[in-house]
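# Observations on the model geometry
The chain contents come next:
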Amino acid sequence: MAGNSQRRGRTTGAGKKTATAGTGGKNRRSLAGRGATPPAEQRYGHPAQRRAQAQERQRAERTRARQRAEESPELLLGRNPVVEALRAQIPATALYVVTGDTARTTDDRITEAVTLAADRGLPLLEVGKAEFDRMSQGALHQGIGLQVPPYDYAHPDDLLDLARNSGRPPLLVALDGVTDPRNLGAVVRSAAAFDAHGVVVPQRRAVGMTASAWRTSAGAAARIPVARAVNLPRALAAYQDAGLQTVGLAGDGDVDLHEYDGFADPVALVVGAEGAGLSRLVREKCDVVVRIPIDRDTESLNVSVAAGIALYQAAAARRG
């Protein structure tokens, strides 16, 4: 009994109990709630968490595969594409021709490709059909291929330096998620034709300067730099800080293209992706969004066509 009395509290000589030692709030804390239940994908060992981790690993592997592809030479295949690329003077490191292919002596395109490559001092490498099938991963190659090195991208800030040294107000073109290399090549061609200082593309979820883009640019990619931005909205914000007005181009813009009067000043023209247009974050970085008035029966213009029209308007404003 004495032991029990000591645990419950000591008694005094008058039969009264003294105060019992407290718990320091531990009991209250143990009864308190632990907050909202985390999502299933954040709970350790939950099947949803394992699925989320597997998806993240797949995304990381796709990113690494894309980076490896971008860092390795590209093999442009087919008689027409190869001869057109050589005519356009796109960078190349070697020309592959399949041995024993009768078309080598009968097809004028292969003959021209060999001549153009020789004039540029490119190595002519003869390979067997089985080996070239392996190199082209089973794609249709028509017995010929052109090895194109990875494109040497500029930094977005390099375009500003180039513009400052040109003696003309900066005119840059930013493409927000364009995925068709032919559209990229056509925009680069228009940018060069209308005296823009460079083109900026995002590093992710957008096409880069592939051999197809080079070919579509008709050699313009050799005259105007293309930069790659890790974060396009951040790059646009840097251009704004440098004094450029960011002008978005969209079918639902606030101002008609011919009514915008700022093209004679430093400008970064921002063009959206095929179909999707400007993304929300990029549109928020635009000081103004202009539209090209078109016939109501026409849903929209091709990305490269719209960019060419806007660049023409910019060039006209600078000449005037």
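For the structure itself, look to the data block above.
Residues numbered from 1 in each chain as written. Predicted model: local features only at pLDDT ≥ 70, side-chain atom pairs only at ≥ 80, totals over all residues. Heavy atoms only, no water.

### What about the side chain of N183?
As a reminder of what qualifies: Secondary structure elements are taken from DSSP: a helix is a run of H or I of four residues or more, a strand is a run of E of two residues or more, and numbering for both begins at the N terminus. Buried, partly exposed and exposed residues are distinguished by accessible area as a fraction of the type maximum, computed with a 1.4 Å probe on protein chains only: under 20%, between the cut-offs, and over 50%, respectively. We define a polar contact as two N or O atoms separated by no more than 3.5 Å, with the added condition that, inside protein, one atom must be a possible hydrogen donor and the other a possible acceptor, whereas residues neighbouring each other in sequence contribute only through side-chain atom pairs. The contact criterion used is simple: two residues touch if any of their non-hydrogen atoms lie within 4.5 Å.
Considering the arrangement of structural elements, one finds N183 in helix α9 (residues 181-193). Judged by its relative accessible area of 7%, N183 is buried. Side chain to side chain, N183 and S304 meet in a polar contact 3.5 Å long. Those residues in contact with N183 that lie beyond four places of it in its chain are V178, E274, N302, V303 and S304.

### Considerations on the environment of V199
Secondary-structure assignment places V199 in strand β6 (residues 198-202). Along the sequence, V199 and A154 sit 45 residues apart, while their C-alpha atoms lie 9.5 Å from each other. For V199, the residues in contact, after removing those within four places along its chain, are L159, V173, L175, V188, A191, P225, V226 and A227.

### With respect to a nonpolar patch on the surface
Going by this rule: Candidate patch residues must exceed 30% relative accessible area and have no salt bridge, after which like charges are joined if within 9 Å and Val, Leu, Ile, Met, Phe, Trp or Tyr side chains if within 5 Å. Surface exposure here means Shrake-Rupley accessible area, sampled with a 1.4 Å probe, where a residue is shielded only by the protein chains that are shown. The salt bridge criterion pairs a side-chain nitrogen of Lys or Arg with a carboxyl oxygen of Asp or Glu, the two atoms within 4 Å.
Nonpolar side chains collect at one region of the surface, where I294, L301, V305 and I309 lie side by side and expose about 270 Å² of accessible area between them. Tracing the sequence through the fold places I294 in the loop between β11 (288-291) and α13 (303-319). A residue is classified by how much of its surface remains accessible, and I294, at 34% relative accessible area, is partly exposed.

### Comments concerning the sheet that holds strand β4 (residues 144-148)
Put simply, the rule is: Any two strands are treated as partners once DSSP identifies two or more bridges connecting them. Helix axes are fitted only over the stretch in contact, all axes being lines through C-alpha atoms; the angle between N-to-C directions runs from 0 to 180 degrees.
Taken in spatial order, the four strands of this open sheet run β1-β4-β2-β3, and their pairing is mixed. With one partner strand each, in any of the chains shown, β1 (74-77) and β3 (124-127) form the two edges of the open sheet. Strand-to-strand, the axes of this sheet are offset by a mean angle of 25°, without reference to chain direction. Strand direction decides the pairing type here: strand β2 (residues 94-98) and β3, joined by four bridges, are parallel. Note that in β3 the partner of V98 across the bridge is V127. Its contacts with the sheet put helix α4 (residues 79-87) on β1, β2 and β4, and the angle it makes with β4 is roughly 45°. Lying over the sheet, helix α6 (residues 108-119) contacts β2, β3 and β4, oriented at roughly 150° with respect to β2.

### Structural notes on the sheet that holds strand β9 (residues 255-256)
The strand order across the open sheet built from seven strands is β7-β6-β5-β10-β8-β11-β9, with neighbouring strands paired in parallel fashion. Two strands lie at the open edges of the sheet, namely β7 (226-229) and β9, each paired on one side alone. Of the pairings in the sheet, the one linking β6 to β7 comprises four bridges and is parallel in character. Each residue of the ladder has a partner; that of V199, found in β7, is V226. Packed onto the sheet, α9 meets β5 (171-175), β6 and β7 and runs at close to 175° relative to β5.

### Section: the packing of α4 against α6
To be explicit about the condition: If an angle is under 35 degrees, it is roughly parallel; if it is over 145, roughly antiparallel; if it lies from 65 to 115, roughly perpendicular; otherwise it is oblique. Crossing chirality is assigned from the near helix's rotation relative to the far helix, an anticlockwise turn below a right angle marking it left-handed and a clockwise turn marking it right-handed. Here the nonpolar group is Ala, Val, Leu, Ile, Met, Phe, Trp, Tyr, Cys and Pro; Asp, Glu, Lys and Arg are the charged ones; every other residue, Gly included, is treated as polar.
Closest axis-to-axis distance for the α4/α6 pair is 9 Å, and the angle between their directions is 30°. In this view, α4 runs roughly parallel relative to α6, as classed from their interaxial angle. Both α4 and α6 take part in a crossing whose hand is left-handed. In contact with R79, N80, V82, V83, L86 and R87 of α4, α6 contributes R109, I110, E112, A113, L116 and A117. Grouping the constituent residues of the contact of α4 with α6 by class yields seven nonpolar, one polar and four charged.

### Section: the pattern of salt bridges
With the rule as written, the count across this model stands at ten salt bridges. A salt bridge links D161 to R164; the nearest nitrogen and oxygen atoms lie 3.3 Å apart. Here R164 and D161 lie together in helix α8 (residues 156-164), a separation of three residues that amounts to about one turn. Accessibility expressed as a relative area gives 39% for D161, which makes it partly exposed. With its nearest N and O atoms 2.7 Å apart, the salt bridge here joins D256 to R291. Within this pair, whereas D256 is found in strand β9, its partner R291 is found in strand β11, the two being separated by 35 residues in sequence.

### Digging into α8
Our working definition: This arc is taken over the directions from the axis of the helix to the C-beta atoms.
For α8, every residue scored as buried is listed here: P156, L159, L160 and A163. The arc that holds every buried residue of α8, seen down its axis, measures 100°, which confines them to one face. Those residues of α8 that are buried are in contact with β5, β6, β7 and α11 (232-241).

### Looking at the pairing of strand β10 (residues 267-271)
Where a strand is regular, its side chains alternate between the two sheet faces. Across the five residues that make up β10, a large majority, five, are buried. Side chains V267, L269 and V271 of β10 all project onto a buried face; the interleaved residues A268 and V270 project onto the opposite face, where all are buried too. Pairing geometry for β5 and β10, over five bridges, is parallel. When the sheet's bridge partners are listed, V173 is paired in β10 with L269. Inspection of the sheet shows strand β8 (residues 245-249) paired to β10 by five bridges, in the parallel sense.

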